[in-house]
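Analysis of the macromolecular model
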Amino acid sequence: MELPEELIGLPIKRGAILHSYIFKNIDHGKFFVVIGVSEDYVVGFFFINSNIAPAIMNKPEQLNMQYPLKRKDYDFLRYDSFLCCTNILPINKSELVQSIQKGETNLVGELLPQHETEILDMVRESKLFSKIEKDTFFY
């Protein structure tokens, strides 16, 4: 039995943590966090990485946007990781829902409320995001 999109779409909300194989330029499953959903049903998200990318080590503004996620707080993580909040990535909500229906994407958890608040405060203050991005995904 196929679930209706309205039911499958429920986990696609701010703070949802998903794991997916749909990213074409990545050769493995990837964890990501939904940070907002626009009125046009575009989902904005950030990737979870096991390490901070060496390319940003000399870029203080980007380095400051690596939010630590501890394994003790998120049981799906194999080790302490980082939410890379340097660039909001968009995906159409219907495409994400279809990937859930196909079993390519799964809900694995939710951000702890304190972490969600801290991340939102951090990205709202950042110079890395435009006013439009902030208004669309962070409020």
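What counts, and at which threshold
Sequence order sets the numbering: in each chain, residues are counted from 1 along the sequence as written. Given that this is a predicted model, residues contribute local features only at a pLDDT of at least 70 and side-chain atom pairs are listed and counted only at 80 or more, while totals for whole chains, interfaces and linings are drawn from all residues. The basis for the side-chain values is all heavy atoms of the structure; hydrogens and waters are excluded. The buried label goes to any residue with under 20% of its type's maximum accessible area, the exposed label to any with over 50%, and the partly exposed label to all in between, with areas taken from a 1.4 Å probe on protein chains only. Comment: elements are numbered from the N terminus, with helices defined as DSSP H or I runs of at least four residues and strands as E runs of at least two. Relevant arc is that of directions from the helix axis to the C-beta atoms, nothing else. By convention, a stacked pair of Phe, Tyr or Trp rings (six-membered ring in the case of Trp) has centres within 6.5 Å and planes under 30 degrees apart, an edge-to-face pair has planes over 60 apart, and any other such pair is tilted.

For helix H3 (residues 93-101), every residue scored as buried is listed here: Lys93, Leu96, Val97, Ser99 and Ile100. Around the axis of H3, the buried residues are gathered within 160° of arc, so they sit on the same side. Gly103 occupies a position one or two residues after H3 and carries a positive phi of about 80°.

Before going further, it helps to spend a moment on the packing of aromatic side chains. Counting across every chain of the model gives 10 aromatic pairs. Ring geometry for Phe46 and Phe129: centres 6.1 Å apart, planes at 55°, overall tilted. Note that Phe46 is positioned in strand S3 (residues 42-49) and Phe129 in the loop between helix H4 (113-125) and helix H5 (131-138), a separation of 83 residues in sequence. A centroid spacing of 6.3 Å and a plane angle of 35° characterise the contact between Phe46 and Phe138, whose relative ring orientation is tilted. With Phe46 in strand S3 and Phe138 in helix H5, the pair connects residues that are 92 residues apart, well separated along the chain.

Before going further, it helps to spend a moment on the environment of Pro11. Among the secondary structure elements, Pro11 is positioned in the loop between helix H1 (5-8) and strand S1 (16-20). Sequence separation between Pro11 and Glu110 is 99 residues, and the spatial gap between their C-alpha atoms is 9.2 Å.

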